[in-house]
Amino acid sequence: MFTLRIACAGLLFLTACASSNKSVAPARESRASAPRPPERAPSSSYGFGPEDPVRVGWGNEGLMAYLQLLRGPEGQRIAWRRMGPSGGLEVFEVTYEGLAAPVQLYLDPRNGDAIRAPSGFTIEGLTSREPMVPEKKPGVIEL
């Protein structure tokens, strides 16, 4: 149980570190750097088949941490059942209240990547990648 909490905390920390920060963006733009890889377009098959699994990494602890954070589209907790291994991947049957039929998710415990939620799911605590609206700076007050 303790290792699961550590894994969840680590996953949350990595997710928080990956969030964009508007105040850091200008510094990145001013430096000459290597081109960034293109961001992946959302795929409706992500996680639902062995060709594009959710790459959680961290072995069994990563799998459990990911499943603890996975939610339905309205924040519903999920219920899951391990179906077994499939070519180096782990297959889970997942459902939540309001889902017509359980779905199978393919998780890769060996390789890690940016964590995303499959179509029809959300991840607890994952914030939007939309740029933040800058706060208005107070005007100069003359004395």
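Structure: see above.
Predicted model, so just to flag it, every value in this text is computed and none were measured.

Caption draft 1: Inspection of the environment of Gly120 at higher detail. By the secondary structure assignment, Gly120 is in the loop between β5 (103–108) and β6 (122–123). Beyond its immediate chain neighbours, meaning those up to four positions away, Gly120 contacts Gly72, Pro73 and Tyr96.

Caption draft 2: Representation of the nonpolar core in the model. Formed by 18 residues in total, the largest nonpolar core has its most connected members in Tyr66, Leu70, Ile78, Phe92 and Leu107. Taken together, the elements giving at least two residues each to this core come down to α3 (59–69), β4 (89–96) and β5. In terms of residue count, the dominant contributor to this core is α3 (5 residues).

Caption draft 3: Region of interest: unusual backbone geometry. Its identity is not glycine, yet Trp58 carries a phi of approximately 60°, on the positive side. Residue position: Trp58 is located in the loop between β1 (54–55) and α3.

Caption draft 4: Quick peek at the packing of aromatic side chains. In this structure the tally under the stated criterion is 2 aromatic pairs. Both rings, one in Trp80 and one in Phe92, keep their centres 5.5 Å apart while their planes meet at 80°; by these two values the pair is edge-to-face. Placement of Trp80 in strand β3 (residues 78–86) and of Phe92 in strand β4 is noted, with a sequence separation of 12 residues between them. According to the relative accessible area criterion, Trp80 is partly exposed, its value standing at 34%. An angle of 85° between the planes, with centres 5.4 Å apart, marks the rings of Tyr96 and Phe121 as edge-to-face. Here the residue Tyr96 occupies a position in strand β4, and Phe121 occupies one in the loop between β5 and β6, the gap between them amounting to 25 residues. Each member of the pair, Tyr96 as well as Phe121, is classed as buried.

Rules of the game
Residues numbered from 1 in each chain as written. Predicted model: local features only at pLDDT ≥ 70, side-chain atom pairs only at ≥ 80, totals over all residues. Heavy atoms only, no water. Helix = DSSP H or I, 4+ residues; strand = E, 2+ residues; numbered from the N terminus. Contact = heavy atoms within 4.5 Å. Core = buried A, V, L, I, M, F, W, Y, C linked by side-chain atoms within 4.5 Å. Buried < 20%, exposed > 50% of the residue type's maximum accessible area, 1.4 Å probe, protein only. Phe/Tyr/Trp six-rings, centres within 6.5 Å; stacked < 30°, edge-to-face > 60°.

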